[in-house]
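Chain by chain, the residues run as shown.
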Amino acid sequence: MKSRIVLLGPPGAGKGTQAEILEKELGFTKLSTGDMLREEVRNGTELGEKAKIYVESGNLVPDEIVVEMIKKRIKNISGAILFDGYPRTVKQADALASIIDIDLAISIDVEDKVLVNRIAKRLMCSKCGAVYHLINKPPRKEWICDKCNTTLYQRDDDKEETVMNRLEVYRRNTLPLIKYYDERNKLVIINGNEGTINSISERIKAALEG
Ligand code: ADP
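The model shown is predicted, which means the values in this text are computed figures rather than measured ones.

Brief notes about a nonpolar patch on the surface
- Residues Leu-134, Ile-135 and Trp-143 make up a contiguous nonpolar surface patch of roughly 290 Å² in combined accessible area.
- Tracing the backbone shows Trp-143 in the loop between strand 6 (131-133) and strand 7 (152-153).
- Taking relative accessible area as the criterion, Trp-143 reaches 34% and is therefore assigned partly exposed.

If you want it as structure tokens, here you go:
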């Protein structure tokens, strides 16, 4: 089975949700740069102070900061590894290729109108990073995380204007990575528009076996 995986896709495509499933069911270690950055911002670290303005406006944090952050985390990981939200630029992909050999990039393809609706109804846990959706994946208790009982919140960057900017940033900076991994014969595209969360994760699991 493929064990060094990159998840690609626009904001709201379901990367975080699918990453959680793969972590739980197949034992992947998930590295989510979005979660890491939000934690740094919340904790008011030096890195968080630098990253804050970018994260809140839906722009990309500069490559040097993110690459350093991911390098530090990779060191302590052995076994299957899954990148969620990284790389987001060709520079980041090159930096990743210089430290680890990626087996497969899975791009979750979703239409814009579906994305906007999902993001507007997304809830998150600040403690464990679990992702919920008011309609498609509600928590068992209203606004409480199923896993760790923490109160859920809506991300500041999930406001409509910021979402539009994030989609634009995705198209400009991250979409070229589809071609990047395709040219290296490492790309699989999964339809993330239709079907339940589970049926999409079944498609992803099949790609990992393939
Ligand atoms: P989404 O996939 O829903 O847009 P993420 O949680 O992955 O959200 O990222 C949230 C924000 O964190 C991004 O808008 C960006 O500011 C920052 N970020 C996350 N990952 C990266 C990265 N690899 N490079 C630069 N900025 C990043």
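Points about the environment of Leu-208
- Topologically, Leu-208 is positioned in helix 9 (residues 197-209).
- Since its relative accessible area comes to 1%, Leu-208 is described here as buried.
- Linking Leu-208 and Ile-106, residues 102 residues apart in sequence, is a C-alpha distance of 9.0 Å.
- Excluding anything up to four places from it in sequence, Leu-208 contacts Met-1, Lys-2, Ile-5, Leu-22, Leu-26, Phe-28, Leu-104 and Ile-106.

Notes on the pairing of strand 5 (residues 122-125)
- Residues Arg-122 and Met-124 point to one face of strand 5 and Leu-123 and Cys-125 to the other, with burial holding for every one of them.
- The loop that links strand 5 with its antiparallel partner strand 6 comprises 5 residues; one of these, Gly-129, has a positive phi angle of about 80°.
- Relative to strand 7, strand 5 runs antiparallel, the two sharing 2 bridges. Within the sheet, the bridge partner assigned to Cys-125 lies in strand 7 and is Leu-152.

Some details on the packing of helix 6 (residues 112-120) against helix 7 (residues 160-174)
- In the contact formed by helix 6 and helix 7, the axes pass within 11 Å of each other and the chain directions differ by 135°. As far as their axial angle goes, helix 7 and helix 6 are oblique. Judged by the twist between their axes, the crossing of helix 6 over helix 7 is right-handed. Taken together, the residues of helix 7 that come into contact with helix 6 (itself represented by Asp-112, Leu-115, Val-116 and Ile-119) are Val-163, Met-164, Arg-166, Leu-167 and Arg-171.

Some points on the sheet that holds strand 5
- The 3 strands are arranged 6-5-7 in an open sheet whose pairing can be described as antiparallel. A single partner strand is all that each edge strand has here, and the edge strands are strand 6 and strand 7.
- Here strand 5 pairs with strand 6 via 3 bridges, running antiparallel. Pairing of Arg-122 across the sheet is with His-133, part of strand 6.

Comments concerning the site of the ligand
- The local shell around the ligand holds 20 residues, among which Thr-33, Arg-38, Asn-59, Gln-92 and Arg-166 are the closest.
- With respect to the ligand, the side chain of Arg-38 contributes an N or O atom lying 2.8 Å from an oxygen atom.
- Contacts to the ligand include Asn-59, whose backbone N or O atom sits 2.5 Å from an oxygen atom.
- Among the elements of the structure, helix 2 (33-42) and helix 3 (46-57) are those that each provide at least two residues to the shell around the ligand.
- Top element by residues in the shell around the ligand is helix 2. It accounts for 4 residues.
- In terms of residue class, the shell around the ligand is made up of 8 nonpolar, 5 polar and 7 charged.

Thresholds, definitions, all that
Residues numbered from 1 in each chain as written. Predicted model: local features only at pLDDT ≥ 70, side-chain atom pairs only at ≥ 80, totals over all residues. Heavy atoms only, no water. Patch = residues over 30% accessible without salt bridge, like charges linked within 9 Å, V, L, I, M, F, W, Y side chains within 5 Å. Areas by Shrake-Rupley, 256 points an atom, 1.4 Å probe, with all protein chains shown as cover. Salt bridge = Lys/Arg side-chain N within 4 Å of Asp/Glu carboxyl O. Helix = DSSP H or I, 4+ residues; strand = E, 2+ residues; numbered from the N terminus. Buried < 20%, exposed > 50% of the residue type's maximum accessible area, 1.4 Å probe, protein only. Contact = heavy atoms within 4.5 Å. Pairing = 2+ DSSP bridges. Axes fitted to C-alpha atoms, helices over the stretch in contact; angles between N-to-C directions. Parallel < 35°, antiparallel > 145°, perpendicular 65-115°, else oblique. Left-handed = near helix turned anticlockwise from the far one by under 90°. Near = heavy atom within 4 Å. Polar contact = N/O pair within 3.5 Å; in protein donor to acceptor, adjacent residues only side chain to side chain. Nonpolar A, V, L, I, M, F, W, Y, C, P; charged D, E, K, R; others polar.

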